[in-house]
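Listed below, chain by chain, are the residues.
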Amino acid sequence: MLEIKPNVDPVVKQIEEQYPEMTKEFKRIMRLQYETFCRKQSNYGTDNISLGKDLSKPEDRKLSQMGIFFRVNDKVQRIKQLVVLGAADNVNEAIDDTYQDLSVYAIIAQLVKNGKWGK
């Protein structure tokens, strides 16, 4: 279970006191993203990102990160169409889902880069 422990960092404490609603909402969103990530992992497994490799070789991690790049680009293009250009949503996917996917892919990229994907 994701647990955000109280932080003794004075800057974190200051920001949490200064912006209590914003920081509480940030933590709530992070929790939802983590739960969604876990549910999707149970559906997809790790091969969709690792392409069936163990990612022990730098070239395999690079290939995996390139795949993530294309997924992220798809999400950025969707945001561009809906938010920047004001295009109609013809797939009925909430923009929040797109933002969430974008955020989670960024974390997945870090997991791959740090050698923690699938471990």
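Residues numbered from 1 in each chain as written. Predicted model: local features only at pLDDT ≥ 70, side-chain atom pairs only at ≥ 80, totals over all residues. Heavy atoms only, no water.

Draft legend 1. Geometry of the pattern of salt bridges. Per the stated rule, a full pass over the model turns up 9 salt bridges. We note a salt bridge from glutamate 17 to lysine 13, for which the minimum N-O separation is 3.2 Å. Taken as a pair, glutamate 17 and lysine 13 lie in helix H1 (residues 10-18) at a separation of 4 residues, close to a single helical turn. What makes glutamate 17 exposed here is its relative accessible area of 55%. Note on lysine 13: relative accessible area 47%, which makes it partly exposed. Close ionic contact of aspartate 89 with arginine 78 constitutes a salt bridge, the shortest N to O distance being 3.3 Å. Placement of aspartate 89 in the loop between helix H4 (58-84) and helix H5 (95-113) and of arginine 78 in helix H4 is noted, with a sequence separation of 11 residues between them. Look at arginine 78 and you get buried, because its relative accessible area is 16%. Salt bridges linked by common partners bring Lys40, Lys75, Arg78, Asp89, Glu93 and Asp101 together as one network. (Salt bridge = Lys/Arg side-chain N within 4 Å of Asp/Glu carboxyl O. Helix = DSSP H or I, 4+ residues; strand = E, 2+ residues; numbered from the N terminus. Buried < 20%, exposed > 50% of the residue type's maximum accessible area, 1.4 Å probe, protein only.)

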